[in-house]
Amino acid sequence: MKLVLIGIQGAGKSTQGGFLAEKYKIPYLSSGHIFREMAKEKTQMGRWLKETINSGALVPDDKTLEIILTYLEKPEYAKGYILDGFPRTVVQADAFNGGVDKVIFLEVSDKEALWRIAGREGERQDETLQAIKKRIALFHSLTQPVIDFYAQEGKLITVNGELNITEVFKEIVGALEKSKNY
Ligand code: AMP
């Protein structure tokens, strides 16, 4: 099963991704996590990634595709995966053609997401208000078209991400079981 989780920062993608990974015994992979780890490297590439991530901008499509697609070639992802944060632009989704069975869109308002992020403990370096707002704006301009693209392909599952964590998980599993064509 090849699943993609889509939603703005604070929508609950990593929480639900973890639950799904456990239930279906398939690995969870977050592109943001990969990039944050690479940004720790004391190389020119590491410094550039750190700056990009902390500003809230996206890593360019060609770099993203090169890194994430190489990652997904690892044998542990051969049977399936739960992706969080990729694909995030139409260019990425086009290039990833064939890599997706179902897309779960966790729908949460910008306001609710900002509340949730503000209440988090262990703040991340890339979670400044400015960076978060930029990420949300980029989501609406660049990732919403990805959602529309998967809707047209009949792969989209939209879930109200403002329900509580258990209810959101139930909704996702219910929708996946109903579709069953993965
Ligand atoms: P996230 O944890 O998904 O919010 O990702 C953190 C940061 O990593 C983003 O703000 C981007 O700079 C970068 N990033 C993660 N995934 C992607 C992607 N699919 N395309 C471009 N940049 C990405």
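These lines cover the structure that appears in this document, whether it is placed above or below. (Residues numbered from 1 in each chain as written. Predicted model: local features only at pLDDT ≥ 70, side-chain atom pairs only at ≥ 80, totals over all residues. Heavy atoms only, no water.)

Quick look at helix 3 (residues 44-55) now. Its 12 residues place the ends of helix 3 17 Å apart at the C-alpha level, agreeing with the 16 Å of an ideal helix rising 1.5 Å per residue. If you check which residues of helix 3 are buried, you get G46, L49, T52 and I53. All buried residues of helix 3 fall inside an arc of 130° around its axis, so they share one side. In helix 3, the exposed positions that point more than 90 degrees away from the buried face belong to Q44, R47 and E51. (Helix = DSSP H or I, 4+ residues; strand = E, 2+ residues; numbered from the N terminus. Expected span 1.5 Å × (residues − 1). Buried < 20%, exposed > 50% of the residue type's maximum accessible area, 1.4 Å probe, protein only. Arc of directions from axis to C-beta.)

What follows is about the sheet that holds strand 5 (residues 156-160). One open sheet accounts for 5 strands, arranged 2-3-1-4-5; its pairing is parallel. Every other strand in the sheet has two partners, leaving strand 2 (28-30) and strand 5 as the edge strands with one partner each. Each neighbouring strand pair of the sheet contributes to a mean axis angle of 20°, computed without reference to strand direction. By the bridge criterion, 4 bridges tie strand 1 (residues 2-6) to strand 4 (residues 102-107) in an arrangement that is parallel. From the neighbouring strand, I6 faces strand 4, where its bridge partner is F105. Running at roughly 155° to strand 5, helix 8 (residues 165-179) makes contact with strand 1, strand 4 and strand 5 of the sheet. (Pairing = 2+ DSSP bridges. Axes fitted to C-alpha atoms, helices over the stretch in contact; angles between N-to-C directions. Contact = heavy atoms within 4.5 Å.)

Purely geometric numbers; function is a separate question.
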